[in-house]
Amino acid sequence: MSQPSRFREWPLWALVLLVAVIVLVSVPRLPPSVCYGDAGDLQLASTTLGITHPPGYAGFVSLGHLATLIPGVDPAYSVTVLCMAIGIGVLILCVLIQVRLGVDPWAAGTIALLLTAHPRFWMNLTTPEVYMLALAFVVGAAYFVLKYAQGGRRRDIFIAAFLFGVALANRPPVLLLLPFFVTGWWLAARRWELS
């Protein structure tokens, strides 16, 4: 039996293809400047370091403001591109979580691409909204809980707790996910103790 090739084992190629496809499809569909409604409110707040409607989304506005400092780029468009980049980061984390769970990298990349076909995900990928940032922190926390379950390094569980807390500060309804994270951490800790 031959050894699987390094190309198949490492998810890098699947991730590169995933990012390339998403960028090629979504960048031409991004709004070129200021959006209407909540998205425009978030773009304006990011540009001026202002406060949006409650709860204010300080985390989003702070990151968005950093994006608006890029010289020569329309500030509203830079906030939109930031949201798309965060969405791509979410998809990359989803692929990495699947690969850690034993899914083939190419299958994981295909699943992530299929996720972009969902209208809600697509809208949040191509429009500046706070949901993608909150999702990025939650998925990041899930990734580090999984790393903790597999490696047992306490640093990973502290990073997961920090990311979950930032997600909670950005979107208070994230609190509803807390029982699932506590259960995941508990199962990971038990597995680590039994190993």
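Being a predicted model, the structure only gives us computed values, none of them experimental. (Residues numbered from 1 in each chain as written. Predicted model: local features only at pLDDT ≥ 70, side-chain atom pairs only at ≥ 80, totals over all residues. Heavy atoms only, no water.)

**Let's talk about the state of the cysteines**
Point 1. Within the structure shown, the criterion is met by zero disulfides.
Point 2. With no disulfide of its own, Cys35 lies 9.1 Å from the sulfur of Cys83, the closest cysteine sulfur.
Point 3. The exposure class assigned to Cys35 is buried, which follows from its relative accessible area of 13%. (Disulfide = S-S within 2.5 Å. Buried < 20%, exposed > 50% of the residue type's maximum accessible area, 1.4 Å probe, protein only.)

**Quick look at unusual backbone geometry**
Point 1. Phi is positive for Leu49, close to 55 degrees, though the residue is something other than glycine.
Point 2. Residue placement: Leu49 occurs in the loop between α3 (37-48) and α4 (58-68). (Helix = DSSP H or I, 4+ residues; strand = E, 2+ residues; numbered from the N terminus.)

**Remarks on the layout of surface pockets**
Unfilled space is identified by rolling a water-sized probe across the atoms.
Point 1. Each pocket or cavity is described by its volume, and for the largest pocket that value is around 270 Å³.
Point 2. Asn124, Tyr131, Met132, Ala134 and Leu135 are the residues nearest the centre of the largest pocket, which is lined by 14 residues in total.
Point 3. Contributing elements (two or more residues each) for the lining of the largest pocket: α7 (119-126) and α8 (131-151).
Point 4. For the lining of the largest pocket, the element with the highest residue contribution is α8, accounting for five residues.
Point 5. Split by residue class, the lining of the largest pocket holds 11 nonpolar, one polar and two charged.
Point 6. Taken together, 13 residues form the lining of the second largest pocket, with Val145, Ile157, Ala160, Ala161 and Trp185 sitting closest to its centre.
Point 7. Elements with a minimum of two residues in the lining of the second largest pocket: α8, α9 (154-170) and α10 (178-194).
Point 8. Taken together, the residues that form the lining of the second largest pocket break down as 12 nonpolar, no polar and one charged. (1 Å grid on protein atoms, 1.4 Å probe; cavity = no way out; pocket = protein on both sides within 12 Å on 5 of 7 lines; lining within 4 Å. Points joined across faces, edges and corners; volume = space filled by probe spheres on them. Nonpolar A, V, L, I, M, F, W, Y, C, P; charged D, E, K, R; others polar.)

**Overview of the pattern of salt bridges**
Point 1. For the structure shown, the criterion picks out one salt bridge.
Point 2. Put simply, Arg155 and Asp156 hold a salt bridge, and the shortest N to O gap is 3.7 Å.
Point 3. Among the residues examined, Arg155 registers a relative accessible area of 44% and is labelled partly exposed. (Salt bridge = Lys/Arg side-chain N within 4 Å of Asp/Glu carboxyl O.)

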